[in-house]
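Descriptive analysis of the structure
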Amino acid sequence: MSVINLRHLHPGTKIGLSDGSTAEVVSNPLDGIWVFARYLFSPHDAALVGTEEMIFAQDIVEIR
């Protein structure tokens, strides 16, 4: 598993999460710890799609 540098994630970047979800970065405070993202797909909770949430670094597993 490679390390993803959150400081390189710009708005519009699609990310894969540890629960199998896909999200799109909405904003990035550039602190390297978290980003704000909008869910595009969630295999376990369809109600999350379209919502925005703080996503922490350890939950981001890939850039899509």
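Just above sits the structure.
Rules and cut-offs
Residues numbered from 1 in each chain as written. Predicted model: local features only at pLDDT ≥ 70, side-chain atom pairs only at ≥ 80, totals over all residues. Heavy atoms only, no water. Helix = DSSP H or I, 4+ residues; strand = E, 2+ residues; numbered from the N terminus. Buried < 20%, exposed > 50% of the residue type's maximum accessible area, 1.4 Å probe, protein only. Contact = heavy atoms within 4.5 Å. Pairing = 2+ DSSP bridges. Axes fitted to C-alpha atoms, helices over the stretch in contact; angles between N-to-C directions. Salt bridge = Lys/Arg side-chain N within 4 Å of Asp/Glu carboxyl O.

Moving on, we get to the overall build of the chain. The helix and strand tally for the chain stands at zero helices and five strands. Element order for the chain, N to C, with α for helix and β for strand: β-β-β-β-β. Counting only C-alpha atoms and orienting by the principal axes, one finds that the chain spans roughly 30 × 25 × 15 Å. The 64 residues of the chain split such that 31% are buried. When contacts within the chain are restricted to residue pairs at least 6 apart in sequence, those whose partners lie at least 24 apart make up 34%.

This part covers the sheet that holds strand β2 (residues 22-27). The sheet built from five strands is open, its strands ordered β4-β3-β2-β1-β5 with antiparallel pairing. Single-partner strands in this sheet number two, and they are β4 (52-56) and β5 (60-63). On average, adjacent strands in this sheet sit at an angle of 45° to one another, irrespective of strand direction.

Within the structure shown, the criterion is met by three salt bridges. The closest approach of N and O atoms between E24 and R38, which form a salt bridge, is 3.9 Å. On the criterion of sequence distance, the pair formed by E24 in strand β2 and R38 in strand β3 (residues 34-41) is long-range, its members being 14 residues apart. Judged by its relative accessible area of 29%, R38 is partly exposed. Linking E52 and R38 is a salt bridge whose minimum nitrogen-to-oxygen distance equals 3.1 Å.

Keep in mind that these numbers describe shape and distance, not what the molecule does.
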